[in-house]
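# Summary of the model geometry
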Amino acid sequence: MKTTVIGAFPKISDDPGGQEIRRALHRFDRGEIDAGALDQVFDGATRAAIAELEAAGIDVINDGQIRWDDLFAAFARSWEGVSRGPLERFYDNNTYFRQPIIERAVATGGRTLVRDFELAKQTATKQLKAAVCGPLSFATLTAEDKAYRTLEQRTLAVADALAAEIRGLGAAGATLVDVEDPAIVARPDLISLAREAYDRMAKANVPLAVQPYFFPADGILAELASFPVAQLGIDIRSRHSDALARLEPLRARTVVLGVVDARNTRLESEGEVASALEAAARVIGPDHVWAAPTTGLEYLPHDVATKKLAVLVKGARAAMGVLA
Amino acid sequence: MTSEILLTTTVGSFGKPEYLQKARNQFARGKVSREELTKLERQATREWIERQEQVGLDILVDGEMYRGDMVAYFADLLEGYREGGLVRSYGNRYYHKPIIAGKIRRPRPMTVEWFEYAQSLTDKPVKGMLTGPYTMLDWSFNEAYPTRRDAALALAEAIREEAEDLERAGATYIQIDEPAIHARPEEIGIAIEAMGIVTRGLKAKTVSHICYGDFAAIYPAVLDLPVDQLDLAMSNYEYRWLRLFDEHPFTKELAIGIVDVHKHELESLEEAAEGIRKGLKYVSADKLFPHPDCGLKTRTVEETIDKCRVVVEAAKKVRAELGAKVPA
């Protein structure tokens, strides 16, 4: 059983010394520092996030996505044919994102996140995974599409672009890539289309972890089990979910179980975390269960995110003790 | 037709003048007293009331010079809440997301003095402005109540007390904003139940502002929200929500957003007027209230005045087209 994180880590904290990024962005906006100086601040915050995740005892970390404005920003900025459109709330969060606008056929050289990944790799001492946005989320949250006639065409085009990004990350040394795709559980009616998109991304030949979150996956567990991915994320905390009692179709698949709620400050107990992990392990085997927050910890204040990491690690260790 | 058609209004917040921003920062650092800050907040409120009258808006707001965030302001004043740490809302914007940590209770009125002050400055009606219970819940962390419904209903009781006090103070319009109402469409029943607690028996006209989310996901269920008027962002969405009304007729008064508050560019008079005409296909002129899409606090004073003026002029133009008497 391993511990991991998903998505973005808080970029700043309430501590007096914890607001470097915020200050640097303000200074950049006022023209007081240049892009190079801002980059250095981002790099420093990325190293700090990695250090914090490692110090917390997380086994497989990411880079904290410190540069990510939202799930789609990096891709919408770098891909040809895409621009960033109106602000919208991101699902049921009081957090906003810019909806992509597709002006013409999407194209990418596949190196959007390579520089960030290489920087993180230089810093990380633990296994580092990469992440991309999910094709179904990108396609369903697009504000305007002038290039593709149907949602299906758009989703598959985005999947092809993401496959190129995944290939690029693989070439840079990524051995696991999270695909953050809440639309899979928000729009279970589109599960067949999602599956087709993941078939395309699987051709990049880099192990993928599909990470749907915010909504229960209870009704689509069997379909998810057929996805051509190495890991399946399941959020069991954001809403009522009976997924733990329905894991049979996922036997022998690796499940990343969202056991601490990354969107509420109420702190789970170590026992609560452990018992959920034990329940999953009894069905799919302890080696196939990874413990994670439900989604990115950036929805929480930094100090609470730190406590959530601690209880995640303690709960996983307690579960391993019981299961050993 | 009477002159009481296409009454213009705004959603609630206006930008804080630089002197007030500075004073708020200094107050946070303990360098300005509460009394001094309040004096400046009253000054800024007076300025916004004057500007609204000059522009010619019909139903005014106090501009929320004394509020930072629409949830945190009330959370600070309600018992049961504690301040949370900083959470990012977008880009480089952060807010202290409040935490429901105990039983919610309203120890004293929260907005009544501000309403009374603003109303004393004008003969035009000023809206009482509240944040709705569902949005208060959804934009807070909940550590205290076992379910989201429990928390929403507890908040509704506290907000109802405030609404009653506003009505007692003379408010003829009470706006209870629910911008989070479409956050979880499956919970629309909770939002409706909670709003029912807030508005039950009120004689004032009740309004709820809804913006920036998937309105289609809660329509037509939202027609059961117990308020007289729904106040909707429309311009930002190129009026696409109006198409929903083809299938399920809209049954309330409609405050229609006809200028986009998130862009600096000013809409033309004709664009804004066309927005009103679009609304008139679904709602009669006496039940249609043109306004900007949302609060204007992110716009400069000049941009805000320009946007409001376009709203007022567009309403005049369409009133004239309808052959109605244009109010002086």
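Residues numbered from 1 in each chain as written. Chains lettered and ligands numbered in written order. Predicted model: local features only at pLDDT ≥ 70, side-chain atom pairs only at ≥ 80, totals over all residues. Heavy atoms only, no water.

Another aspect to go through is the pattern of salt bridges. A pair can form between side chains of opposite charge whenever their charged atoms are brought close. Here the structure, examined in full by the defined rule, presents 47 salt bridges over all chains. Salt-bridge contacts for Glu298(A) lead to Arg88(B); the nearest nitrogen and oxygen are separated by 2.6 Å. Linking Glu298(A) in the loop between β12 (289-293) and α11 (302-323) with Arg88(B) in strand β2 (residues 86-90), this pair reaches from one chain into another. Judged by its relative accessible area of 11%, Glu298(A) is buried. On the accessibility criterion, Arg88(B) (6% relative accessible area) is buried. We note a salt bridge from Arg34(B) to Glu41(B), for which the minimum N-O separation is 3.1 Å. The exposure class of Arg34(B) is partly exposed, given its relative accessible area of 39%. (Salt bridge = Lys/Arg side-chain N within 4 Å of Asp/Glu carboxyl O. Helix = DSSP H or I, 4+ residues; strand = E, 2+ residues; numbered from the N terminus. Buried < 20%, exposed > 50% of the residue type's maximum accessible area, 1.4 Å probe, protein only.)

So, about the confidence of the model for chain B. Here chain B shows a mean pLDDT of 94. Residues at 70 or above account for 98%. Model confidence for the complex is summarised by a pTM of 0.90, with the ipTM given as 0.93. (pLDDT = per-residue confidence, 0-100.)

Every contact between the two is made by 33 residues of chain A and, on the other side, 27 residues of chain B. Summing both partners gives a buried area of about 2600 Å² for chain A against chain B, and 45% of it is carried by carbon and sulfur. Counting residues per element, the ones that place at least two in the side of chain A that touches chain B are α1 (20-29), β3 (80-89) and β4 (96-107) of chain A. In terms of residue count, β3(A) provides more of the side of chain A that touches chain B than any other element does, five residues in total. Residues that form the side of chain A that touches chain B fall into these classes: eleven nonpolar, eight polar and 14 charged. (Contact = heavy atoms within 4.5 Å. Buried area = accessible area lost by both parts, 1.4 Å probe. Nonpolar A, V, L, I, M, F, W, Y, C, P; charged D, E, K, R; others polar.)

Glancing now at the side chain of Ser137(A). Residue and element names in this part refer to chain A. Looking at where Ser137 falls in the secondary structure, it is placed in helix α5 (residues 135-140). From its side chain, Ser137 meets the backbone nitrogen of Ala183 in a polar contact 3.0 Å long. Residues in contact with Ser137, not counting those within four places in the same chain, are Phe72, Tyr91, Glu180, Asp181, Pro182 and Ala183. (Polar contact = N/O pair within 3.5 Å; in protein donor to acceptor, adjacent residues only side chain to side chain.)

Hydrogen bonds between backbone atoms are what pair the strands of a sheet, whose relative direction is either parallel or antiparallel. Residue and element names in this part refer to chain B. Strand order across the open sheet formed by six strands is β5-β7-β8-β9-β10-β11, with parallel pairing between neighbours. Across the chains shown, the open sheet's two edge strands, defined by having one partner strand only, are β5 (128-131) and β11 (288-292). Sheet twist, expressed as the average angle between the axes of neighbouring strands with direction ignored, equals 25°. When strand β7 (residues 173-177) meets strand β8 (residues 205-210), the two strands line up parallel, connected through three bridges. Residue pairing across strands places Ile174 opposite Thr206, the latter belonging to β8. Contacts from helix α10 (residues 301-321) reach β10 (253-259) and β11 within the one sheet, and its direction differs from that of β10 by about 125°. (Pairing = 2+ DSSP bridges. Axes fitted to C-alpha atoms, helices over the stretch in contact; angles between N-to-C directions.)

To continue, consider the sheet that holds strand β7 (residues 144-145) of chain A. Residues and elements named next belong to chain A. With respect to topology, three strands assemble into an open sheet ordered β3-β4-β7, the strand pairing being mixed. This sheet does not close on itself; its edge strands, each paired only once, are β3 and β7. Relative to β7, β4 runs parallel, the two being bridged by two bridges. Note that in β7 the partner of Ile101 across the bridge is Glu144.

Residues and elements named next belong to chain A. Two elements in contact, helix α10 (residues 270-284) and α11, have axes whose closest approach is 8 Å; the angle formed by their N-to-C orientations is 50°. By the angle class used here, α10 and α11 are oblique. For the crossing formed where α10 meets α11, the hand is right-handed. Seen from α10, the contacting residues are Glu270, Val273, Ala274, Leu277, Glu278 and Ala281; seen from α11, they are Val311, Leu312, Lys314, Gly315, Ala316, Ala318, Ala319, Val322 and Leu323. Considering only residue class, the contact of α10 with α11 consists of eleven nonpolar, one polar and three charged. (Parallel < 35°, antiparallel > 145°, perpendicular 65-115°, else oblique. Left-handed = near helix turned anticlockwise from the far one by under 90°.)

Here the focus is the packing of aromatic side chains. Counted by the stated rule, this structure contains 26 aromatic pairs over all chains. Seen from their ring centres, Tyr91(A) and Phe215(A) are 5.8 Å apart, and the 75° between their planes marks the pair as edge-to-face. With Tyr91(A) in the loop between β3 and β4 and Phe215(A) in the loop between β9 (208-211) and α9 (221-225), this pair connects stretches of sequence that are 124 residues apart. Residue Tyr91(A) is classed as buried on the basis of its relative accessible area, which comes to 18%. On the numbers, 5.2 Å between centres and 40° between planes, the contact of Tyr219(B) with Phe245(B) is tilted. Separated by 26 residues along the polypeptide, Tyr219(B) in the loop between β8 and β9 (229-232) and Phe245(B) in helix α8 (residues 244-247) bring together distant segments of the chain. We classify Tyr219(B) as buried; its relative accessible area is 9%. Just above the ring of Phe27(B) sits the side chain of Arg34(B); from NZ or CZ to the centre is 5.0 Å. The cationic tip of Lys97(B) hangs over the ring face of Phe141(B); the distance from NZ or CZ to the ring centre is 4.3 Å. (Phe/Tyr/Trp six-rings, centres within 6.5 Å; stacked < 30°, edge-to-face > 60°. Lys NZ or Arg CZ within 6 Å of the ring centre and 35° of its normal.)

Residues and elements named next belong to chain B. The N-to-C vectors of helix α2 (residues 34-55) and helix α4 (residues 112-120) enclose an angle of 45°; their axes lie 10 Å apart at closest approach. As the angle between them shows, α2 and α4 are arranged oblique. Where α2 crosses over α4, the two elements pack in a sense that is right-handed. Where α2 abuts α4, its residues Thr38, Glu41, Arg42, Thr45, Arg46 and Ile49 lie against Trp114, Tyr117 and Ala118. Of the residues contributing to the contact of α2 with α4, the split by class is four nonpolar, two polar and three charged.

All right, on to the nonpolar core then. With 126 residues, the main nonpolar core has Ile184(A) and Leu277(A) as its most contacted residues. Residue contacts for Ile184(A): discarding those within four places in its chain leaves Leu136(A), Ile191(A), Ala194(A), Tyr198(A), Val210(A), Pro212(A), Ile220(A), Leu224(A) and Phe227(A). One finds Leu37(B), Met110(B), Ala158(B) and Val312(B) within the second-largest nonpolar core, a separate group that totals 106 residues. (Core = buried A, V, L, I, M, F, W, Y, C linked by side-chain atoms within 4.5 Å.)

This part covers the pairing of strand β3 (residues 93-96) of chain B. Residues and elements named next belong to chain B. Both β2 and β3 contribute to a ladder of four bridges, which runs antiparallel. By the bridge assignment for β3, Val87 is matched with Tyr95. Hairpin connection of β2 to β3: two residues between the antiparallel strands, including Gly91 at a positive phi of 55°.

What follows concerns the pairing of β9(B). Residue and element names in this part refer to chain B. Because side chains alternate across β9, one face comprises the buried residues Gln229 and Asp231, and the other comprises Leu230 and Leu232, equally buried. Alignment of β9 against β10, held across four bridges, turns out to be parallel. Residue Leu230 lies in a different strand from β10, and its bridge partner there is Leu254.

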